[in-house]
Amino acid sequence: MQIVVVLLLCLAGGWAFRFAGIKATDGKPFYRDMPLSVAFGYVLGAVLLVWIVWSYYLSRTLPAPEVNKYFFFRIAIEGFIIFALFAWLFRLLGRSVGTSTTKKLFRQMPLTASFGILMILIYAFLAIFAGLLAPYGQEQIVPGVAANIPPGGNPAMGGNRDFPLGTDQIGRDILSRLIYGAQNTVGIAFATTCLAFFIGGSLGFLAATLGGWLDQVLSRGVDVLMAIPSLIFALLLMTIASAWAGSEKGLLTFYMVIIIAVIDSTRVFRLARAVGANIVVMDYIEAAKLRGEGLGYLIFKEILPNATAPLLAEFGLRFCFVFLTIASLSFLGVGIQPPLADWGTMVRDLAQFINFAAFAPQVASAPLLAAGAIALLTVAVNFVVDWMLHRSSGLKE
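Description of the structure in this document. (Residues numbered from 1 in each chain as written. Predicted model: local features only at pLDDT ≥ 70, side-chain atom pairs only at ≥ 80, totals over all residues. Heavy atoms only, no water.)

1. A word on the pattern of salt bridges
Applying the stated criterion across every chain yields a total of 8 salt bridges. The salt bridge involving Arg-318 is made with Asp-264; its shortest N-O contact spans 2.8 Å. Placement of the pair is Arg-318 in helix H15 (residues 308–331) and Asp-264 in helix H12 (residues 249–279), with a sequence separation of 54 residues. Judged by relative accessible area, which is 11%, Arg-318 ranks as buried. Judged by relative accessible area, which is 6%, Asp-264 ranks as buried. Here Arg-348 and Asp-349 are joined by a salt bridge, their closest N and O atoms 3.5 Å apart. (Salt bridge = Lys/Arg side-chain N within 4 Å of Asp/Glu carboxyl O. Helix = DSSP H or I, 4+ residues; strand = E, 2+ residues; numbered from the N terminus. Buried < 20%, exposed > 50% of the residue type's maximum accessible area, 1.4 Å probe, protein only.)

2. Digging into helix H1 (residues 2–24)
Within an α-helix, residues lying three or four positions from one another point in the same direction, as the helix has 3.6 residues per turn. Helix length check: H1 (23 residues) gives 32 Å between terminal C-alpha atoms against 33 Å at 1.5 Å per residue, within 8%. Of the positions making up H1, those classed as buried are Cys-10, Gly-14 and Gly-21. Residues of H1 that are buried sit in contact with helix H2 (29–32) and helix H3 (36–61). (Expected span 1.5 Å × (residues − 1). Contact = heavy atoms within 4.5 Å.)

3. Describing the nonpolar core
Counting 42 residues, the largest nonpolar core has Met-256, Ile-326 and Trp-343 as the members making the most contacts within it. Mapped onto this core, the elements with two or more residues apiece are helix H7 (111–128), helix H9 (174–210), helix H11 (230–245), H12, H15, helix H16 (343–349) and helix H18 (366–393). Not counting residues within four places of it along the chain, the set of residues in contact with Trp-343 comprises Tyr-123, Arg-177, Leu-178, Gly-181, Ala-182, Thr-185, Val-186, Phe-323, Ala-370, Ala-373 and Ile-374. In this structure, Phe-205, Ile-279, Ile-303 and Leu-311 belong to the second largest nonpolar core, which totals 12 residues. (Core = buried A, V, L, I, M, F, W, Y, C linked by side-chain atoms within 4.5 Å.)

4. Some points on the packing of helix H5 (residues 71–96) against helix H6 (residues 100–108)
Contact pair H5 / H6: the axes reach a minimum separation of 7 Å and the direction vectors enclose 145°. Read as a crossing pair, H5 and H6 show a hand that is left-handed. The residues of H6 that touch H5, namely those facing Phe-90, Arg-91, Gly-94, Arg-95 and Ser-96, are Thr-102, Lys-103, Phe-106 and Arg-107. Class assignment of the residues belonging to the contact of H5 with H6 gives a composition of 2 nonpolar, 3 polar and 4 charged. (Axes fitted to C-alpha atoms, helices over the stretch in contact; angles between N-to-C directions. Left-handed = near helix turned anticlockwise from the far one by under 90°. Nonpolar A, V, L, I, M, F, W, Y, C, P; charged D, E, K, R; others polar.)

This is the structure:
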């Protein structure tokens, strides 16, 4: 009932906001042509912003037992502000440092895209230099250290200042495994996405260029594979691959890369075929055929350069789906196998800490560290992909 009252008040406030704007600006088009729904959105956004600020203030002033209820809310607000500040500083740096092309790119870049690029660079840095940055090995059980040390480093809650993110169920450093998880999860997802694009892009361009029976066979095969839910299909194939691999954990990871790449290549095939079909009817393709150019020249010199923009955008989306699929399979126990550190496996292994959420939220944050790393990278890549799609579409603000 309270929510309904608030919405009605916001609706009335939206009407008043539009009316006041028309009167104050002598009927300027911005307010005169503003729909009531848009004015309602402005007022509702302002109310939500005030509520967030007020709730954050209360969360800082409540006594100790009550403040635990707002722990994750406070972390989310502070994290949002910190990330936004770093994204703004990164964009500011990009506008003043680099070549004229990069400076122009950063001037046109929205704050969300700069945040996404910054996060991708940080993840790439962690993945490349994981061996130097991690204080311990990904499979190393730290001698003399207890298992299940909670995050936070507070000795009063069972923490250890030497292990700010705690240890897992067998005494491995969570911070080190998070860093190595960037190398394993992100690295394997990137390699899988590249393989999926090689398979799907090559076959898609072949189908678009040659047509005929090859196009029909490939397209109908792709239709059959796409009719099956991808995660369920991958889980079924990974279960079979587990029996084939036996105790060879490295072989199971190899099977996983092949399976996910083949399943995701169907989406790449559809896009590559559609884009290629639009390009092969162009005059310059006909001119290249009349010159006697071969199939390889047509695909790599004529079609591929003109299909780069949509394929790059699709690469970002495919990477997100592959990344989440690998994390999901690892969470279910058939993905990246131990002792390799993987964020999906870490979420599953640390899930018991959730039981302490009611009275010790810092302890319950252990499985959310890996889950947050997955979510943060997914959001960052999507921000960059949205910006790339906007640029390639030719639309202007």
